[in-house]
Amino acid sequence: RKQIKFLSSNLTQIPLSEVPLLLDKGPLKEAYFTITFDDAYLNVKEIAAPIISEFSIIPTLFVNGAFAEGGIYYRILVAIIIKNGFTNELKSQLNLALPNFNWSSNPEELFNQTKNFYTPWKTEKAVFKTYQRVFNDIKPLNVHMKVEDVRELQRKGWEIGNHTFSHMKLSKLSYTQIKTAIEDNEN
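Our subject in this report is the structure included herewith. Just so it is clear, the structure is predicted and the values come from calculations on it, not from any experiment.

Let's talk about the layout of surface pockets
Piece 1. Of the volumes computed, that of the largest pocket is approximately 360 Å³.
Piece 2. Considering the residues around the largest pocket, the lining is formed by 16 residues, among which Val63, Gly65, Val147, Asn185 and Asn187 are closest to the centre.
Piece 3. Of all the elements in the fold, those that place two or more residues in the lining of the largest pocket are helix 4 (65-68), helix 9 (147-155), strand 5 (159-162) and helix 10 (175-186).
Piece 4. Ranked by the residues each element gives to the lining of the largest pocket, the list is headed by helix 9, at four residues.
Piece 5. Considered class by class, the residues forming the lining of the largest pocket number six nonpolar, six polar and four charged.
Piece 6. As a volume, the second largest pocket reaches approximately 160 Å³.
Piece 7. What lines the second largest pocket is a set of 14 residues, among which Ala49, Ser53, Leu153, Lys156 and Trp158 lie closest to the centre.

Observations concerning the packing of aromatic side chains
Piece 1. Taken as a whole, this structure holds eight aromatic pairs when the rule is applied.
Piece 2. Aromatic side chains phenylalanine 37 and tryptophan 158 sit 5.7 Å apart centroid to centroid with 25 degrees between the ring planes, which places their arrangement in the stacked category. In this pair, phenylalanine 37 sits in strand 3 (residues 36-38) while tryptophan 158 sits in the loop between helix 9 and strand 5, placing the two residues 121 residues apart along the sequence. Each member of the pair, phenylalanine 37 together with tryptophan 158, is buried.
Piece 3. Members of the aromatic cluster, connected to one another through ring pairs, are Phe67, Tyr73, Tyr74 and Tyr118.

Overview of the packing of helix 6 (residues 87-97) against helix 7 (residues 107-116)
Piece 1. Running from N to C, helix 6 and helix 7 cross one another at 35 degrees; their axes reach a closest spacing of 10 Å. Crossing geometry of helix 6 relative to helix 7 is assigned as left-handed. Packed against helix 6, whose contacting residues are Thr87, Leu90, Lys91 and Leu94, the element helix 7 presents Pro107, Leu110 and Thr114 at the interface.
Piece 2. Across the contact of helix 6 with helix 7, the residue classes break down as four nonpolar, two polar and one charged.

With respect to unusual backbone geometry
Piece 1. Phi at serine 56 is positive, roughly 55 degrees, even though this residue is not glycine.
Piece 2. Note that serine 56 resides in the loop between helix 3 (42-54) and strand 4 (60-63).
Piece 3. Positive phi, normally seen in glycine, also occurs at threonine 164, with a value near 70 degrees.
Piece 4. With respect to the helices and strands, threonine 164 occurs in the loop between strand 5 and helix 10.
Piece 5. Using a relative accessible area of 7% as the deciding quantity, one classes threonine 164 as buried.

Details of helix 6
One turn of the α-helix equals 3.6 residues, which is why residues spaced by three or four share an orientation.
Piece 1. Of all the residues in helix 6, the buried ones are Thr87, Leu90, Gln93 and Leu94. Burial along helix 6 is one-sided: seen end-on, the buried residues are contained in an arc of 130 degrees.
Piece 2. Considering only its buried residues, helix 6 is in contact with helix 5 (74-83), helix 7 and helix 8 (122-135).

A word on the sheet that holds strand 3
Piece 1. The three strands are arranged 3-4-5 in an open sheet whose pairing can be described as parallel. Edge positions in the open sheet fall to strand 3 and strand 5, since each of these has one partner strand only. Here the average twist between neighbouring strands, direction ignored, is 25 degrees.
Piece 2. When strand 4 meets strand 5, the two strands line up parallel, connected through four bridges.

Overview of the nonpolar core
Piece 1. Counting residues in each nonpolar core, the largest one holds 21 residues, and the members touching the most others are Tyr74, Val78, Leu90, Leu94 and Val127.
Piece 2. Breaking this core down by element, the ones donating at least two residues are helix 4, helix 5, helix 6 and helix 8.
Piece 3. For valine 78, the residues in contact, after removing those within four places along its chain, are Leu90, Phe111, Thr114 and Val127.

What counts and how
Residues numbered from 1 in each chain as written. Predicted model: local features only at pLDDT ≥ 70, side-chain atom pairs only at ≥ 80, totals over all residues. Heavy atoms only, no water. 1 Å grid on protein atoms, 1.4 Å probe; cavity = no way out; pocket = protein on both sides within 12 Å on 5 of 7 lines; lining within 4 Å. Points joined across faces, edges and corners; volume = space filled by probe spheres on them. Helix = DSSP H or I, 4+ residues; strand = E, 2+ residues; numbered from the N terminus. Nonpolar A, V, L, I, M, F, W, Y, C, P; charged D, E, K, R; others polar. Phe/Tyr/Trp six-rings, centres within 6.5 Å; stacked < 30°, edge-to-face > 60°. Buried < 20%, exposed > 50% of the residue type's maximum accessible area, 1.4 Å probe, protein only. Axes fitted to C-alpha atoms, helices over the stretch in contact; angles between N-to-C directions. Left-handed = near helix turned anticlockwise from the far one by under 90°. Contact = heavy atoms within 4.5 Å. Arc of directions from axis to C-beta. Pairing = 2+ DSSP bridges. Core = buried A, V, L, I, M, F, W, Y, C linked by side-chain atoms within 4.5 Å.

In structure tokens, the structure reads:
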């Protein structure tokens, strides 16, 4: 609330969709801000949305279709695995999936490696396999908004952005795979 109040008191809010139009007009005459949220986490709806509405701000929510359908971002599972003391189990599974990389036994470093040395499909598979092994099942964690939650925010004036279907690291994908990730998310 303090951050939003500061921004609203000192800058002019602009929806993300209007930024290109504003920039096309030439040099800015005042300071602007826009607010965006990635991955449609449920706490954005529960905690941030009420605060945002107090200030009449139009934020943009970038949504991954797979998460809105009940999937989960693999890095959340990595965090849970590591937090619960299963770093070595995850490292072992990553070594099986990606043996040509030196995976760390240090929890923080391993967490970062799962993003920085990401290999499409192989990294997720190793993470999901580890999670399933150590917790016996992948239970619904309910950390992402469902489709209806996203629609509710959209009805309240929020802009909705395309954040690909399943949050694959685009720099690791071919042009065709990138196109598919974006198009699949539009459905």
